[in-house]
Amino acid sequence: MIIEPSEIIEQLKETRRIEANLTDSTVRQKLYNLRKSKGEKVTVFCGKFDNLIRQYETCNKIIGEDEKRAIFEHAVTEAHPDLPTAIFVKNQTGTVMTTNDMKSFLLQLEAKNQINLEAKAATLLRQQHKAPANDPELAKVKCHRCNKHGNYQTDCPLKD
């Protein structure tokens, strides 16, 4: 007896669903209760979201793009209140922001925030290393740019 590959796949899905004790209603409940926390990485959250979508599809159910987009937006809006504005702006152009568009937006936002945090940390570090102009220790400091004593490279008069 030869079994079609698609039948084997369906049997495997059913076995996996039974082993995990998954029903479409339990997975749907998990999807609607899913929330992204403020400190959670976007990639980690998206992995959880995509995994739940796959689990739902394992139950031989398909979730529409509109519903998927609404669930995703609802799950991340508390952690990223600027997302609805981006969705509104995109809708004004006559196009709909897809789930993948929202993921890309959040990844870009996360990268931008990381760059801003690193810049703030670097500024704070520079401020900690600056000595007051009347500090006697500053006379011992030699600038690596102008090779003169009395200033750090970041405060060099030759600085561009």
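Residues numbered from 1 in each chain as written. Predicted model: local features only at pLDDT ≥ 70, side-chain atom pairs only at ≥ 80, totals over all residues. Heavy atoms only, no water.

Explanation requested: the overall build of the protein in the structure shown.
When helices and strands are tallied, the protein shows six helices and zero strands. Relative to a compact globule of 160 residues, whose C-alpha radius of gyration would be 15 Å, the protein shows 27 Å and is clearly more extended. Viewed in the frame of its principal axes, the protein has a C-alpha envelope of about 90 × 45 × 25 Å. In the protein, which comprises 160 residues, the share counted as buried stands at 25%. Summed over all atoms, the accessible surface of the protein reaches about 11300 Å², with 55% contributed by carbon and sulfur. One finds the centroid of the 25 positive side-chain charges in the protein at a distance of 9 Å from the centroid of its 22 negative side-chain charges. (Helix = DSSP H or I, 4+ residues; strand = E, 2+ residues; numbered from the N terminus. Rg over C-alpha atoms; globule rule 2.2 N^0.38 Å. Buried < 20%, exposed > 50% of the residue type's maximum accessible area, 1.4 Å probe, protein only. Areas by Shrake-Rupley, 256 points an atom, 1.4 Å probe, with all protein chains shown as cover. Lys, Arg positive; Asp, Glu negative; His and termini not counted. Charge placed at Lys NZ, Arg CZ, Asp CG, Glu CD.)

Whenever I open this one, the nonpolar core confuses me. Can you help?
For soluble globular proteins, nonpolar side chains are generally found buried alongside one another. Formed by 23 residues in total, the largest nonpolar core has its most connected members in L31, F45, F49 and F72. For this core, the secondary-structure elements that each account for two or more residues are α2 (24–33), α3 (42–58), α4 (65–76), α5 (83–92) and α6 (99–129). In terms of residues, this core owes the most to one element, α3, which gives seven residues. Beyond its immediate sequence surroundings of up to four residues, F72 is in contact with F45, C46, F49, T99, M102, K103 and L106. (Core = buried A, V, L, I, M, F, W, Y, C linked by side-chain atoms within 4.5 Å. Contact = heavy atoms within 4.5 Å.)

What should I look at first to understand the pattern of salt bridges in this one?
Pairs can form between side chains of opposite charge whenever their charged atoms are close. According to the stated counting rule, one finds six salt bridges in the structure shown. Note that D24 and K61 form a salt bridge whose closest N and O atoms lie 3.9 Å from each other. Of the two residues, D24 sits in helix α2 while K61 sits in the loop between α3 and α4, which places them 37 residues apart along the sequence. You can call D24 partly exposed: its relative accessible area is 28%. Classification of K61 by relative accessible area gives partly exposed; the value is 35%. The salt bridge partner of D50 is K103, with a shortest N-O separation of 2.7 Å. Separated by 53 residues along the polypeptide, D50 in helix α3 and K103 in helix α6 bring together distant segments of the chain. (Salt bridge = Lys/Arg side-chain N within 4 Å of Asp/Glu carboxyl O.)

Any chance you could explain unusual backbone geometry here in plain terms?
Of all residues except glycine, most have a negative phi; of all peptide bonds, most are trans. We note that N147 has phi near 60°; this positive angle belongs to a residue other than glycine. One can find N147 in the segment after α6.

I keep staring at the packing of α2 against α4 and nothing clicks. Help me out?
Each pair of packed helices gets described by two things: the angle between the helix axes and the distance between those axes. Two elements in contact, α2 and α4, have axes whose closest approach is 8 Å; the angle formed by their N-to-C orientations is 45°. If you check the angle between α2 and α4, you find them oblique. Contacts from R28, L31 and Y32 in α2 reach E67, I71 and H74 in α4. Looking at the contact of α2 with α4 residue by residue, the class counts come to three nonpolar, one polar and two charged. (Axes fitted to C-alpha atoms, helices over the stretch in contact; angles between N-to-C directions. Parallel < 35°, antiparallel > 145°, perpendicular 65-115°, else oblique. Nonpolar A, V, L, I, M, F, W, Y, C, P; charged D, E, K, R; others polar.)

Is there a simple way to explain the environment of A79 in this structure?
Here A79 is to be found in the loop between α4 and α5. Sequence separation between A79 and L52 is 27 residues; the distance between their C-alpha atoms is 19 Å. The residues contacting A79, other than those within four sequence positions of it, are K36, S37 and K38.

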